[in-house]
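# Analysis of the macromolecular model
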Amino acid sequence: MIIVSPSILSADFADLKNELLVVKNAGAPWAHVDVMDGHFVPNISIGVPVVASLRKATDLFLDVHLMIDTPIKYVDQFIASGADMVVIHLESDTPEMIHTTLARIHELGCKAGLTIKPGTPVEAMEPYLGEIDMALIMTVEPGFGGQSFMADMMPKVTWLREHTSPDFLIQVDGGVDAKTAPVCKTAGANVLVSGSAFFKAADKAAFVECLKA
Ligand code: DX5
Ligand code: ZN
């Protein structure tokens, strides 16, 4: 089964309640929330209060991608605000603190994900595979929507599929559209994030169906 998770980074931030409805009506079960701190990535997006407002507005599964340094400082707040899954970057802290942060996310009853930037080898995720509910392979340099898909990340997806169970969640994020989604699925991805392509699609329900097919 393929899960489509539209990234609200490409939504109208003045109209998020309605944009979540657009996601829901398109048949997507998840919404992907990109949190950026201006340090870990060279861009600033949204934070805890926005996630709390999203939670009040929707019953969609909120997949919160933290592109921030030392996420241990903030995971409690994001979970209290209603995140269903918190995904942290392997590069955002020391290995010891990454283990601690993943454990903290689970302790608080939330699902935990781990992700890597394009320059990080996938083998670096191996020590954490038993501690996560989802692995995310970035298919663009994190920080901005609307970038081109990096097909050369697909061997990482295949490596993960070979080292996990068949139903383990493997997410891809960045440049995913009707053309690149089949490449992701062939490599073994089963959770597809799509920002600009989703929000630009004239028929969003058809777009979601196309990604799932
Ligand atoms: C990039 C974000 C992505 C972004 C994807 O840093 O993590 O989630 O919204 O946008 P598209 O689909 O436009 O590449
Ligand atoms: Zn993202």
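What counts, and at which threshold
- Residues numbered from 1 in each chain as written.
- Chains lettered and ligands numbered in written order.
- Predicted model: local features only at pLDDT ≥ 70, side-chain atom pairs only at ≥ 80, totals over all residues.
- Heavy atoms only, no water.
- Pairing = 2+ DSSP bridges.
- Helix = DSSP H or I, 4+ residues; strand = E, 2+ residues; numbered from the N terminus.
- Axes fitted to C-alpha atoms, helices over the stretch in contact; angles between N-to-C directions.
- Contact = heavy atoms within 4.5 Å.
- Buried < 20%, exposed > 50% of the residue type's maximum accessible area, 1.4 Å probe, protein only.
- Phe/Tyr/Trp six-rings, centres within 6.5 Å; stacked < 30°, edge-to-face > 60°.
- Lys NZ or Arg CZ within 6 Å of the ring centre and 35° of its normal.
- Lys, Arg positive; Asp, Glu negative; His and termini not counted.
- Salt bridge = Lys/Arg side-chain N within 4 Å of Asp/Glu carboxyl O.
- Polar contact = N/O pair within 3.5 Å; in protein donor to acceptor, adjacent residues only side chain to side chain.
- Donors = N, O, S within 2.8 Å, 3.2 Å for Na, K, Ca; no water.
- Tetrahedral: all angles 85-135°; square planar, octahedral: opposite > 155°, others 65-115°.
- Near = heavy atom within 4 Å.
- Areas by Shrake-Rupley, 256 points an atom, 1.4 Å probe, with all protein chains shown as cover.
- 1 Å grid on protein atoms, 1.4 Å probe; cavity = no way out; pocket = protein on both sides within 12 Å on 5 of 7 lines; lining within 4 Å.
- Sits in = over half its atoms within 2 Å of the grid points.
- Nonpolar A, V, L, I, M, F, W, Y, C, P; charged D, E, K, R; others polar.

Let us now look at the sheet that holds strand S5 (residues 111-116). Sheet strands line up and pair through hydrogen bonds in the backbone, either parallel or antiparallel. Judged by pairing direction, the sheet is parallel, and its eight strands sit side by side in the order S1-S8-S7-S6-S5-S4-S3-S2 without closing on themselves. Edge positions in the sheet fall to strand S1 (3-6) and strand S2 (30-36), since each of these pairs with one other strand and no more. On average, adjacent strands in this sheet sit at an angle of 25° to one another, irrespective of strand direction. Here four bridges tie S1 to strand S8 (residues 191-194), and the two strands are oriented parallel to one another. By the bridge assignment, Ile 3 is partnered in S8 with Val 191. Contacting S5, strand S6 (134-138) and strand S7 (169-173), helix H5 (residues 154-162) crosses the sheet at an angle of about 170° to S7.

A word on unusual backbone geometry. The phi angle at Thr 70 is positive, at roughly 35°, despite the residue not being glycine. Mapped onto the elements of the fold, Thr 70 is located in the loop between strand S3 (61-67) and helix H3 (75-80).

Those residues of H5 not exposed but buried are Met 154, Lys 156, Val 157, Trp 159, Leu 160 and Arg 161. Buried residues belonging to H5 abut S5, S6, S7 and helix H6 (181-187).

This part takes up the packing of aromatic side chains. For the structure on display, the rule yields three aromatic pairs. For the ring pair Phe 198 and Phe 199, a centre distance of 4.9 Å and an interplane angle of 85° mean the geometry is edge-to-face. Summarising the burial analysis for this pair, Phe 198 and Phe 199 share the class buried. Put simply, the rings of Phe 198, Phe 199 and Phe 207 pair up and form one aromatic cluster. The side chain of Lys 117 reaches across the aromatic face of Phe 40, ending 4.3 Å from its centre. The aromatic ring of Phe 198 is capped on one face by Lys 204, whose charged end is 6.0 Å from the ring centroid.

Moving on to the side chain of Asp 34. Of note, Asp 34 is situated in strand S2. Comment: no salt bridge for buried Asp 34; closest opposite-charge side chain is Lys 117, at 13 Å. One polar contact links Asp 34 to His 32, side chain to side chain, over a distance of 2.9 Å. In this structure Asp 34 touches Ser 7, Leu 9, Ser 45, Ile 46, His 65, Met 67 and Asp 173, once residues within four positions along its chain are discounted.

Below, the discussion takes up the coordination of the zinc ion (ligand 2). Taken together, the protein ligands of the zinc ion (ligand 2) are His 32 (NE2), Asp 34 (OD), His 65 (ND1) and Asp 173 (OD), with distances of 2.0 to 2.3 Å. If you look at the zinc ion (ligand 2), its six donor atoms make angles of 71 to 170° with each other, and the shape they trace is octahedral. Here the donor residues for the zinc ion (ligand 2) map to a single chain with the spacing H-x1-D-x30-H-x107-D. Note that Asp 34 is positioned in strand S2 and His 65 in strand S3, a separation of 31 residues in sequence. Here Asp 34 falls in the buried class, since its relative accessible area comes to 6%. The class of His 65 is buried, set by a relative accessible area of 0%.

Neighbouring residues of ligand 1: 20 residues in total, closest Asp 34, Gly 143, Asp 173, Gly 175 and Ser 196. At a separation of 2.8 Å, an oxygen atom of ligand 1 approaches a polar backbone atom of Gly 195. Compared with its free state, where it exposes 380 Å², ligand 1 has 99% of that area covered by protein. More than half of the atoms of ligand 1 fall within 2 Å of the grid points belonging to the largest pocket. Taken together, the elements giving at least two residues each to the shell around ligand 1 come down to S2, S3 and S8. Sort the elements by how many residues they give to the shell around ligand 1 and S2 lands first, with three residues. Residues that form the shell around ligand 1 fall into these classes: seven nonpolar, 11 polar and two charged.

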